[in-house]
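Here is how the chains run, residue by residue.
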Amino acid sequence: MLRYLAGRMILTIPVLVGAAILIFLLMQLVPGDAVSAVMAGGAKLSPEQQLEMREALGLNRPLVVQLGDYLWGLVQGDLGRSTRSDRTVISLVGAQISSTLILVAAGMAVALLIGVPLGVLAARRRNTLVDTAAMGTAVLGLSIPQFWLGLMLILLFAVNLGWFPALSSGGFRALVLPALALGLAEAAVLARLVRSSLIESLEQDYTTTARAKGASDRRITWRHGLPNALVPVVTMIGLQVGNLMGAAVVIEMLFARPGLGQLVVNSILRRDLPVLQGSILILAAIFVFINLAVDVIYKFLDPRVELGAA
Amino acid sequence: MTAPAPVSATASAPVPVRADDTRISIWRRLAGHRSVVVGGALFLLVLTAALFAGWIAPYGPVATDTSRALQPPGWTHWMGTDQFGRDVLSRVIYGARPSLVMGMAPMLISSVIGTALGMVIGYYGRWTDLLMTRLVDIALAFPPILLALTVVAVLGPGLWSIALALGLSGIPFYIRMARGQVIQAKEAPFVLTAVAVGASDMRVMFRHIIYRVIPPILVMMTIHVAGAILAGAALSFLGLGIPPPSPEWGTMIQDGRKFIALSWWMAFFPGVALAVTVFATNLLGDGLRDVLDPRSKGEPIR
């Protein structure tokens, strides 16, 4: 187990370095550089001043040197500076990240609390009206755009009923609508997976054995079926966290909620590339670490898996 | 060189699409599958709206009439009007065009490039496989829509930037799928037989292995369209899509957001259109999977 953990952790290093290189190279493809971005912002610079600024920022060095410099900075926790304000990227991201992570966690909680019971219900009442209704709802849930669902939740619960605030500034009540908007689609994904996985597990020999020993339906589902059915669900949760982090950016904009969403979208609109680069990289790193955790949990649940065979 | 035709029948291929009678039965099974029929019909409806928007839409998509701004749904404007007095129904109909582009173009880009790459590295293996698998791992380290968002930032906002961004960020999923299928198929008896009788690499890949690759890829393509339409609308909602006044569902929802307390219909109807389109595609994907690739559970690409 310990060897697996160590091996799995070492495997994440090239992925993280690769991700940093990929995003660095992507940013190089953006037309213009930090200096032209400042000028597009209204600053008037003479050609000499431009040259001086490029020199100061190290933009006229070879690409490989700049990349090495960037990676070395990353190792030391330096993500660069915003071109639009004087703040460091790490402080900008650090100020917003907790809000985004809380939203993602709340969305995941919604997905689990609704998705798993719905999937179990559909599997136990397989091929009945309940199953068809549950799975129909799930496909519909998969198809509804999260930001539109969020807006409709605002219309119903904030504008008409006044139960929750429309714009979310902070606090638990302000988290409810964004978390629902975010989590319902993933609940649909989970419900479908739990259903198919549980049905499969209820057809296994160990289920037949349990039934032969006189276990009740309820006991078979919860004690024998579900724990085995949840193994693929754990992997899915890892992927879903990534989806949720992406969707959270959109949902934060909808609810005007502070978080990385505002930071990312504004950095794109203002062409503040270091901030964009840093935010995306940090989200990717968190995603990688969550998947690392997921793999370790998976190994714990199913000791047969081997390293690299994900 | 003659094709060892009956070989595929002896192999335990999940879908022996090669023989003509099974091909017919696949069409028949598709036509008899409820999800395929309902999804297909709804999708045709959206496609018709996109193709014949000029004839169907009662008003021009950008025709303003400020004297009729923010009218609720009624007989003259079935879905009401927006803040400039534009007919929401007409804009919803025209909005099918960019949405289908944002759904289909990424699917085509990623499926062609990803499947080809995945098949080649899966077949030839060795260091290209190792390298590509690492690259795929790196690309998959990014939450999908965020990678697309970054590419849009590079390319600048617009419909085709979004399509290209979603197309590029979808490639790793196809590589992984095609590679996995090829690696499994390489050991299958019908492929080993083809190799043994001296079939060339190209022939083995495109006459034999490909029939193992196509079914799951087709399913993935359908589900990808659904995901790409949603992601494209989300990126447009963020203001990274077609500039106004062109009608686009995500942008219309963003517009409607400002008027949500006054005129719910501005955001409501484009969202319904979006949900119906994606629902249709998801149903089609589910049906295709039931018929073509019953073993896989599939994961959505976003």
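Heads up: the structure comes first, above all this text.
Here the residue numbering is sequential within each chain, running from 1 through the sequence in written order. Chain letters start at A and ligand numbers start at 1, both assigned in the order the entries are written. Totals for whole chains, interfaces and linings use all residues, but because this is a predicted model, local features are given only for residues with pLDDT of at least 70 and pairs of side-chain atoms are given and counted only at 80 or more.

Here a nonpolar core is just a set of buried residues of the types Ala, Val, Leu, Ile, Met, Phe, Trp, Tyr and Cys, joined wherever their C-beta atoms sit within 7 Å. Three exposure classes are used, based on other C-beta atoms lying within 10 Å of a residue's own C-beta, which is placed from the backbone: buried for 20 or more, exposed for 12 or fewer, and partly exposed in between. Core analysis: the biggest nonpolar cluster contains 166 residues, and A:Leu190, A:Val250, A:Ile251 and B:Ala234 have the highest contact counts within it. If one sorts the elements of this core by residue count, helix α10 (residues 201-237) of chain B sits on top with 18 residues. Here the limits of each domain have been adopted from an automatic or database domain assignment. Split by domain, this core shows at least three residues from each of two domains, domain 1 (2-75) and domain 2 (98-258) of chain A. Residue contacts for B:Ala234: discarding those within four places in its chain leaves A:Pro145, A:Phe147, A:Val250, B:Ile145 and B:Gly250. Counting from the N terminus, the helices are the DSSP runs of H or I reaching at least four residues and the strands are the DSSP runs of E reaching at least two. C-beta atoms are placed from the backbone for every residue, and two residues are taken to be in contact when these atoms lie within 7 Å.

This part is about helix α11 (residues 249-258) of chain B. Within α11(B), nine of the ten residues are buried, which leaves the element mostly enclosed by the surrounding structure. Listed in full, the buried residues belonging to α11(B) are B:Trp249, B:Gly250, B:Thr251, B:Met252, B:Ile253, B:Gln254, B:Asp255, B:Gly256 and B:Arg257. Looking at the buried side of α11(B), the elements it contacts are α7 (146-160) and α10 (217-254) of chain A together with α5 (88-124), α10 and α12 (265-292) of chain B.

This brings us to the interface of chain A and chain B. Counting residues at the interface gives 42 residues for chain A and 39 residues for chain B. Elements supplying a minimum of two residues to the side of chain A that touches chain B: α1 (2-28), α6 (129-143), α7, α8 (173-202), α10, α11 (260-269) and α12 (273-301) of chain A. No other element matches the nine residues that α10(A) contributes to the side of chain A that touches chain B. Residue polarity follows a fixed list, in which Ala, Val, Leu, Ile, Met, Phe, Trp, Tyr, Cys and Pro are nonpolar, Asp, Glu, Lys and Arg are charged, and the others, Gly among them, are polar. The residue inventory of the side of chain A that touches chain B, partitioned by class, reads 36 nonpolar, six polar and no charged.

Residues and elements named next belong to chain B. Here the axes come from fitting lines to C-alpha atoms, over the contacting stretch only for helices, and the angles between their N-to-C directions go from 0 to 180 degrees. Between helix α7 (residues 144-155) and helix α8 (residues 159-186), whose axes approach to 8 Å, the crossing angle comes to 135°. Here α8 runs oblique to α7, going by the angle between their axes. Seen along the crossing, α7 lies across α8 with a hand that is right-handed. On α8, the residues that touch Pro144, Leu147, Ala148, Val151, Val152 and Leu155 of α7 are Ser161, Ile162, Leu164, Ala165, Leu166, Leu168 and Ser169. Of the residues belonging to the contact of α7 with α8, the class tally is eleven nonpolar, two polar and no charged. Every angle not falling under 35 degrees, over 145, or within 65 to 115 is termed oblique; those three ranges are roughly parallel, roughly antiparallel and roughly perpendicular. The hand of a helix crossing depends on one turn: near helix anticlockwise from the far one by less than a right angle means left-handed, and clockwise means right-handed.

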